[in-house]
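Below are the chains, spelled out letter by letter.
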Amino acid sequence: MGLGVRWTLHGDGRTPAPGAVVKPDERLSWPRTVGLGAQHVVAMFGASFVAPVLMGLDPNLAIMMSGVATILFLLATRGRVPSYLGCSLSFVGVAAVIRAQGGGSAAITGAILVVGGVLFLSGLAVRKFGARIIHAAMPPVVTGAVVMLIGFNLAPVTAKTYWPADQWVALLTMLFTGLAVVCLRGFWSRVAIFLGLVFGYVISWLFDRVFGRIHSLDGSGRITDHWRLDLSAVGKADWIGVPSVHAPSFQWSAVLVALPVVIALIAENAGHVKAVGEMTGDPLDDTLGTAIAADGAATMLSTAVGGPANTTYSENIGVMAASRVYSTAAYWAAAGFALLFGLCPKFGAIVAAIPGGVLGGITVILYGMIGLLGAQIWVHNKVDLRNPLNLVPVAAGVVIGVGGVGLKISDNFELSGIALGTVVVLSGYHLLRALAPAHMKQEEPLLDAGTSAYDDDATEAGKPAKP
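Predicted model, so just to flag it, every value in this text is computed and none were measured.

Scoring rules and cut-offs
Residues numbered from 1 in each chain as written. Predicted model: local features only at pLDDT ≥ 70, side-chain atom pairs only at ≥ 80, totals over all residues. Heavy atoms only, no water. Helix = DSSP H or I, 4+ residues; strand = E, 2+ residues; numbered from the N terminus. Buried < 20%, exposed > 50% of the residue type's maximum accessible area, 1.4 Å probe, protein only. Contact = heavy atoms within 4.5 Å. Areas by Shrake-Rupley, 256 points an atom, 1.4 Å probe, with all protein chains shown as cover. pLDDT = per-residue confidence, 0-100. Salt bridge = Lys/Arg side-chain N within 4 Å of Asp/Glu carboxyl O. Patch = residues over 30% accessible without salt bridge, like charges linked within 9 Å, V, L, I, M, F, W, Y side chains within 5 Å. Expected span 1.5 Å × (residues − 1). Phe/Tyr/Trp six-rings, centres within 6.5 Å; stacked < 30°, edge-to-face > 60°. Lys NZ or Arg CZ within 6 Å of the ring centre and 35° of its normal.

**Focus on the overall build of the chain**
Scanning the chain from N- to C-terminus turns up 20 helices and eight strands. The burial tally for the chain puts 53% of its 467 residues in the buried class. Look at the contacts in the chain between residues 6 or more apart in sequence, and 78% of them connect residues 24 or more apart. Per element, the accessible surface of the chain, about 19900 Å² overall, is 66% carbon and sulfur.

Structure representation (structure tokens):
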């Protein structure tokens, strides 16, 4: 079997015929393919450079490693799963908690590296035993709750750090971004976060010219008089340079905070693989384990040099759906663009200059959307929250995760927030299920986020699973 780096020309190489799609092993003409690659970069751009900024990591390194991760993923799946691996937002809350506990960037990347290792092993387990081994342990009621508490746990970061930096810029940026998400169509709706950031930049610049300096929180967390948009570092930055790297460090407290995100990543990967399979007409059931393992390996590689986690991006899946071009050649082009961006320190300086108020407006929407993905998992899988077996562990775990409730076990060890909330949801559900009366033990779908076709009975060669 090849590595998926050979493509046949689709039709005349210009546009797909009506009703036709460009399959992963096909391509359009190279100029059009490169153009599609650039479009994929723009689609992933908003979230991929917001994530490292929010986590306090180098955006240049993050963008570069997203390109490396995409190449690794395409090679591992042998070109069957067209997808871009961008910087994961699932760890933003984790990073905030670790920094609040006194940890630095090395502790953050070390914790995420361990999560990447667990994700890699989970992928190997899925390849060996089938998807049921994962989803029997983490049914939709559990995955939905964990995704929800991960997103909503971020609310205090917005409320206490970003929004107070400039409440009026934050409010205007929030309103514009919300309008862009709802009112724009097609490709532009998928880059609404990016458009919101551009709008926030412009508004901050105008406010500086009209109102002068602002007295508020600056980037270091001190209340001072400062410009909303400070581009002084941009002029000093070089056009070409290698991003700064650092080695990870490992702290048990940080690792425990990060580990629950594995549940969200598995559900996310499974949903993306299923969606791509349905769009391309090629059932990808047999690639699920490989895709999860490749995601984990890419995350380990990125964090080993100081970058963030990487995961498959729904933004780029949306671009494929709109263009009907699923060629992995376009993703190779996108990865090449990402590598070039990573070698431009001036780009990183522009990203690092994002005003706090702009981040406040963006994160109000973004963090809420992450949390509500958990509710989407419940709705999609018809989780019955009237059943006490589902309601009790979810209610307790979400409040613990959102409120930052802690459990001090010793002078040097405490479980709180995301970690404790996940432990309560996961262990509480299975314990209560073991003790609950028979009428409460309704049959749960074994897979969530649109992955109901995956089953141990799926036949070889990617044939659909039995109903």
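**Focus: unusual backbone geometry**
The general pattern is negative phi for most residues beyond glycine and trans for most peptide bonds. In this structure, R78 is a non-glycine residue whose phi angle is positive, near 55°. With respect to the element layout, R78 can be found in the loop between α2 (59–76) and β3 (85–87). The class of R78 is partly exposed, set by a relative accessible area of 34%.

**Some words on the confidence of the model for the chain**
Taken as a whole, the chain shows an average pLDDT of 80; of its residues, 87% reach a score of 70 or greater. Residue range residues 445–467 is modelled with pLDDT below 50. Its contacts to residues more than four positions away, or to other chains, number 54 contacts.

**Some details on the pattern of salt bridges**
Tallied over the full model, the rule gives four salt bridges. Between D286 and R80 there is a salt bridge; the shortest N-O distance is 2.9 Å. Pair noted here: D286 is in the loop between α13 (261–280) and α14 (288–304) and R80 is in the loop between α2 and β3, with a separation of 206 residues, a long-range link. Across the salt bridge formed by D208 and R228, the nearest N and O atoms sit 3.1 Å from each other. With a gap of 20 residues between them, D208 in helix α10 (residues 192–211) and R228 in the loop between β5 (223–226) and α11 (232–236) connect regions that are remote in the sequence. Of the two residues, D208 and R228, neither departs from the other in class, the shared state being buried.

**Considering a nonpolar patch on the surface**
Together, V198, V202, W205 and L206 line one region of the surface with nonpolar side chains, adding up to about 330 Å² of accessible area. With a relative accessible area of 41%, W205 lands in the partly exposed category.

**Things to note about α14**
Compared with an ideal rise of 1.5 Å per residue, which puts 17 residues at 24 Å, α14 spans 24 Å between its outermost C-alpha atoms and is within 8% of the ideal. In terms of burial, α14 is largely enclosed, as 13 of its 17 residues are buried. Of the residues one or two after α14, G306 is the one with positive phi, at around 105°.

**A few points about the packing of aromatic side chains**
In the structure shown here, the tally under the stated rule is three aromatic pairs. Relative to F199, the ring of F176 has its centre 4.3 Å away and its plane inclined at 0°; by these criteria the two rings are stacked. Placement of F176 in helix α8 (residues 167–183) and of F199 in helix α10 is noted, with a sequence separation of 23 residues between them. In this structure F199 comes out as partly exposed when scored by relative accessible area, which is 23%. Judged by centre distance (5.2 Å) and plane angle (85°), the ring pair of F207 and F211 falls under edge-to-face. Note that F207 and F211 are positioned in helix α10 at a spacing of four residues, about one turn of the helix. The ring of W239 carries the charged tip of K346 above its face, separated from the ring centre by 5.0 Å.

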